[in-house]
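Descriptive analysis of the structure
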Amino acid sequence: MKNATLDPSQLTFRDAVAEDIAFCLALDSDFETEHVWQMTVQDGADEIQVNCRRQRLPRRLESSHVADPVDLEIALRPDYCFIVIQDQNTNNLLGFMTLRIDEKSHVAYLQDIVIDRLYRRRSLGARLIHVSRVWASEFNLRQIIFEIPTTNYPCIQFAQSLGFAFCGFNDHHFANREIAVFFSLSV
């Protein structure tokens with residue numbers, strides 16, 4: 001698949017509005033991977049041992065990030081961060097990101113980050129992460145925790161390339177009961 005042309009000087013990173021939700025849901029969030037993260041837990045009397053291992057799949061897995069429209073509506077609230085990338089030449093949305101605050105722990109949870117498939121590999125995701133760090137610092141937050149399904153190995157690689165460090169997992173975190181791995185980044 002060929003990437004579309006893009007003039008970086010014509011990109012706007014802005015707060016989302018309600019009318020953006022349908023466009024965000026229509027972005028091509030499909031991805032392919034030949035690897036997943038496999039989690040194993042050994043629960044002993046005196047210790048719990050967790051192992052995370054990259055596992056090669058017998059065939060390529062095709063999947064997508066499915067954003068929840070209700071969650072996107074909630075993310076429009078002032079105590080959330082919902083940023084979209086808009087191309088001023090075409091007025092098309094190219095991607096978006098949502099974060100929520102946990103005020104007790106002074107942490108932001110990165111829930112969604114989607115770049116339309118045609119516009120990937122142009123540092124747009126990295127720029128969204130930069131925006132998230134600025135936003136989190138304005139709220140005096142300490143960390144950003146990135147919630148990633150173990151099947152989204154390209155996203156795990158993306159997080160690690162930006163300095164996110166593994167900090168835990170939940171074996172039934174998502175609505176589809178998929179395992180989430182958590183990566184943290186200091187603000």
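Residues numbered from 1 in each chain as written. Predicted model: local features only at pLDDT ≥ 70, side-chain atom pairs only at ≥ 80, totals over all residues. Heavy atoms only, no water.

Some remarks on the side chain of S132
Note that S132 resides in helix α3 (residues 124–138). Other than its neighbours up to four places away in sequence, S132 contacts M97, L99 and I144. (Helix = DSSP H or I, 4+ residues; strand = E, 2+ residues; numbered from the N terminus. Contact = heavy atoms within 4.5 Å.)

As for unusual backbone geometry
A positive phi angle is found at R121, which is not glycine, with a value near 65°. Relative to the helices and strands, R121 is located in the loop between β6 (107–115) and α3. Look at R121 and you get exposed, because its relative accessible area is 84%. The backbone of N140 shows a phi angle near 55°, a positive value even though the residue is not glycine. With respect to the secondary-structure elements, N140 resides in the loop between α3 and β7 (143–149). (Buried < 20%, exposed > 50% of the residue type's maximum accessible area, 1.4 Å probe, protein only.)

Some points on the state of the cysteines
What the rule picks out here adds up to 0 disulfides. For C155, which is in no disulfide, the shortest distance to another cysteine sulfur is to C167 and amounts to 14 Å. There is no disulfide at C167, and the cysteine sulfur nearest it, in C52, is 11 Å away. On the basis of relative accessible area, C167 is assigned to the partly exposed category, the value being 43%. (Disulfide = S-S within 2.5 Å.)

Observations concerning α3
Helix length check: α3, at 15 residues, gives a terminal C-alpha distance of 21 Å against a target of 21 Å (1.5 Å per residue), a fit within 8%. Turning to α3, its buried residues are L124, G125, L128, I129, S132, W135 and A136. Along the axis of α3, the buried positions cluster into a sector of 140°, meaning they face one direction only. Turned more than 90 degrees from where α3 packs its buried face, H130 and E138 sit exposed. Immediately beyond the C-terminal end of α3, within one or two residues, lies N140, with a positive phi of roughly 55°. (Expected span 1.5 Å × (residues − 1). Arc of directions from axis to C-beta.)

Here we look at the pattern of salt bridges
This model, assessed by the stated rule, comprises 5 salt bridges. R100 is the salt-bridge partner of E147, the closest N and O atoms lying 3.3 Å from each other. One end of the pair, E147, is in strand β7; the other, R100, is in strand β5 (residues 93–102), and 47 residues separate them in sequence. Overall, the relative accessible area of 7% leaves E147 in the buried class. (Salt bridge = Lys/Arg side-chain N within 4 Å of Asp/Glu carboxyl O.)

Considering the sheet that holds β7
If you walk across this open sheet you meet the 7 strands as β1-β4-β5-β6-β7-β9-β8, and the pairing is mixed. Each edge of the sheet is formed by a strand with only one pairing partner; in this case those strands are β1 (11–15) and β8 (165–170). Here the average twist between neighbouring strands, direction ignored, is 25°. Sheet topology places β8 next to strand β9 (residues 180–186); 5 bridges connect them, and they run antiparallel. Within the sheet, the bridge partner assigned to G168 lies in β9 and is F182. Packed onto the sheet, helix α4 (residues 153–161) meets β6, β7 and β9 and runs at close to 160° relative to β7. (Pairing = 2+ DSSP bridges. Axes fitted to C-alpha atoms, helices over the stretch in contact; angles between N-to-C directions.)

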